[in-house]
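# Observations on the three-dimensional arrangement
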Amino acid sequence: MRFAWRLVLGIVMVVLVAVVALVWLSERGLREDLRAEAAHALEREARVVAAALPADSLAWGRAIRGLAGEDERITLVDRTGRVVVESDAGAGRRPAESQADRPEILRALAGEVGVDARRNEAAGEDFLYVAIPGGPGAIRVATGLALVDGTVRRAQRSVLLAALLALLVGTLAAVLAARSFARPLTAIAGAAHAIAAGTPPRFPRSGIQEVDALVQALRRMHRELDERFAALRRERQESSALVEAMVEGVVAADHRGQVVTANAAARVLLGYEPGEPLPVLTQLFRTKAARDVVREVLGGAVIHGREMRLNGCALIMSARPLPDGGAVLVLHNVSELRRLEAVRKDFVANVSHELKTPLTSISGYAETLLSDAPDPDTARLFLETIHANATRMQRLVDDLLDLARIESGHWQPTVETIRLAPAIEDAWTPLAGPAATRGVAFAVEVAAGAETLRADPDGVRQILTNLFENALRHTGAGGRITCHAVPAGGGVELRVVDTGTGIPREHLPRVFERFYRADPSRSRAAGGTGLGLSIVRHLMEGHSGRARIESELGEGTTVTCWFPEDPETES
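Fair warning: this is a prediction, and the values are worked out from it, not measured in the lab.

The subject of this paragraph is the sheet that holds strand β14 (residues 480–488). Judged by pairing direction, the sheet is mixed, and its five strands sit side by side in the order β12-β14-β15-β17-β16 without closing on themselves. Pairing within the sheet leaves two strands with one partner each, and these edge strands are β12 (441–446) and β16 (546–551). Mean inter-strand twist for the sheet, computed between neighbouring axes without regard to direction, equals 15°. Across eight bridges, β14 lies against strand β15 (residues 491–498) in antiparallel orientation.

The following block contains the structure:
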């Protein structure tokens with residue numbers, strides 16, 4: 001039931017109870033007052049009768065009939081309770097029976113005033129009887145109560161009319177009061193609903209002090225909630241941004257297993273597109289190891305750093321149960337780390353292998369020289385072999401040091417303007433003799449607009465030297481090596497083209513890796529370290545440029561290095 005109707009009903013009930021109590025109390029009080037007044041009047045009349053009785057008892061009948069009023073009855077009773085004279089006993093009517101058992105007669109014979117009200121069966125109505133000592137024993141005056149009852153009924157009607165009027169007025173006042181209270185309360189309820197829905201509320205002004213105090217409290221609550229919700233939204237946005245920015249995949253599920261949070265890294269690792277709905281946690285993973293982690297964490301276990309394979313990636317998964325029964329899983333992709341570890345192992349193995357071969361040769365020839373006494377020609381041959389292997393080791397160590405320096409970031413290019421033609425000729429000069437011996441021709445072609453280059457002179461010389469050495473190593477007698485310089489893409493391209501053996505197509509994606517050889521036996525025999533192209537790639541990246549290779553088996557190779565017009569360098 002609504003508050004307004006409750007208030008109206010309550011007020012009506014209060015008024016109704018008050019009206020009923022008023023009518024009942026007024027009727028009872030009025031009836032008692034009227035009967036008391038009538039009793040006093042009858043007592044006075046009885047005393048008048050007692051004073052007016054003649055001495056002759058034979059005249060009593062005539063006397064009391066003359067004194068009795070229209071609605072009154074006067075009775076003289078002796079001391080035994082017998083009726084001596086009665087005012088309405090004439091016209092052949094017999095006197096009443098003995099009155100010795102009547103309460104008013106008993107009290108009058110005892111010397112007191114007796115009063116009693118009872119129903120007179122003969123008259124068919126209620127009578128009021130008052131008796132006093134006097135006459136032959138007692139004088140009783142009686143009258144009907146019809147007048148009193150009529151007066152009471154008239155008074156009741158008046159009171160009822162007034163009560164009904166009061167009830168109507170009270171009901172109207174209750175309705176008006178209920179509306180005055182209910183309207184602001186309804187408006188307050190609407191404001192509370194608006195706050196809950198997140199829309200701007202409208203607060204009422206009722207003019208009722210208590211209601212206005214409630215409105216002010218609600219206003220303060222709304223302001224505080226707005227501030228707290230704004231803070232929560234900021235914290236949630238910050239947390240979401242942090243979770244989305246994490247390189248680790250984060251997956252959170254509630255107590256039902258529904259995934260409530262999955263950042264971009266987790267979706268990539270799991271193979272789901274952004275916005276694509278995710279299954280429940282128990283069905284999210286396809287590998288047994290991951291499903292075992294989910295089962296254990298949902299059982300309350302804490303998982304730390306369990307490694308597994310998922311969708312071709314090496315993952316370390318950690319998981320922790322939530323207080324409400326859900327769980328949080330963190331997926332750390334260690335594929336790159338494992339790859340780097342493999343590269344490190346391969347690097348150590350390759351370096352060991354590359355160093356072991358010349359060291360074995362040096363050790364073997366040195367032991368021969370120490371243990372035997374070879375002829376001078378043989379000794380010279382052994383010493384030349386030892387020197388060649390030592391030189392090879394020196395070149396390998398130098399290349400490793402250069403590569404380590406470049407990769408560690410300790411090397412930064414010192415950019416200058418370089419004239420390309422002299423720089424190319426300068427880089428080729430140490431190789432010109434071996435090239436002429438083998439019958440390999442060399443040419444330089446510098447196009448218009450590519451005469452100069454903004455780069456580090458030592459870096460450019462090392463790039464060209466490595467490229468020329470590789471080209472000469474794989475170009476046979478009668479071959480040709482050409483260095484082109486052309487403007488391209490807002491910079492300059494250097495192309496080293498040879499007519500050598502070429503590289504099979506399947507090896508091209510890996511030729512810039514350290515120690516990678518398309519033909520390991522031939523490169524090692526020719527004195528290569530397997531680090532030249534890797535050094536070239538890192539030097540080009542240091543210049544903010546790029547290197548690429550094109551080759552066909554048996555048709556030669558072209559290595560292109562693009563230098564930007566003004567390379568960016570770290571300060």
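It is worth spelling out the pattern of salt bridges at this point. Summed over the entire model, instances satisfying the criterion amount to 19 salt bridges. Among the salt bridges present, the one from lysine 288 reaches aspartate 292, with a minimum N-O distance of 3.0 Å. Taken together, the residues span about one helical turn, with lysine 288 and aspartate 292 both in helix α7 (residues 288–298) at a distance of four residues. We classify lysine 288 as exposed; its relative accessible area is 56%. One salt bridge in this structure joins arginine 461 and aspartate 458, with 2.9 Å as the shortest N-O distance. Here arginine 461 pairs with aspartate 458, and both are found in helix α11 (residues 457–473), just three residues apart, close to one helical turn. Under the relative-accessibility criterion, aspartate 458 is labelled exposed at 51%. Each of Glu104, Asp116, Arg118 and Arg140 takes part in a single network of salt bridges with overlapping partners.

A word on a nonpolar patch on the surface. A cluster of nonpolar side chains, contributed by Leu9, Met13, Leu16 and Val20, occupies part of the molecular surface with about 350 Å² of accessible area. Secondary-structure assignment places leucine 9 in helix α1 (residues 3–52). On the basis of relative accessibility, which here comes to 43%, the residue leucine 9 falls in the partly exposed class.

This part is about the sheet that holds strand β9 (residues 313–321). Spatially, β7-β6-β10-β9-β8 is the arrangement adopted by the five strands of the open sheet, whose pairing is antiparallel. Whereas interior strands pair on both sides, the edge strands pair on one side only; in this sheet they are β7 (259–262) and β8 (303–310). Within this sheet the neighbouring strands show an average axis-to-axis angle of 20°, counted without direction. Both strand β6 (residues 249–253) and strand β10 (residues 327–333) contribute to a ladder of five bridges, which runs antiparallel. Considered in β10, the bridge of alanine 253 is made with alanine 327. Each of β8, β9 and β10 is contacted by α7, which is oriented at about 155° to β8, the strand it contacts most.

Turning our eyes to something else, we now look at the side chain of serine 551. Summarising the element assignment, serine 551 is placed in strand β16. There is a polar contact of 3.0 Å between the side chain of serine 551 and the backbone oxygen of glycine 556. Within the local environment of serine 551, its side chain forms a polar contact with the side chain of threonine 557, the two groups lying 2.9 Å apart. Those residues within four positions of serine 551 in sequence are excluded, and the remaining contacts are Gly502, Ile503, Leu508, Gly556 and Thr557.

Criteria and thresholds
Residues numbered from 1 in each chain as written. Predicted model: local features only at pLDDT ≥ 70, side-chain atom pairs only at ≥ 80, totals over all residues. Heavy atoms only, no water. Pairing = 2+ DSSP bridges. Helix = DSSP H or I, 4+ residues; strand = E, 2+ residues; numbered from the N terminus. Axes fitted to C-alpha atoms, helices over the stretch in contact; angles between N-to-C directions. Salt bridge = Lys/Arg side-chain N within 4 Å of Asp/Glu carboxyl O. Buried < 20%, exposed > 50% of the residue type's maximum accessible area, 1.4 Å probe, protein only. Patch = residues over 30% accessible without salt bridge, like charges linked within 9 Å, V, L, I, M, F, W, Y side chains within 5 Å. Areas by Shrake-Rupley, 256 points an atom, 1.4 Å probe, with all protein chains shown as cover. Contact = heavy atoms within 4.5 Å. Polar contact = N/O pair within 3.5 Å; in protein donor to acceptor, adjacent residues only side chain to side chain.

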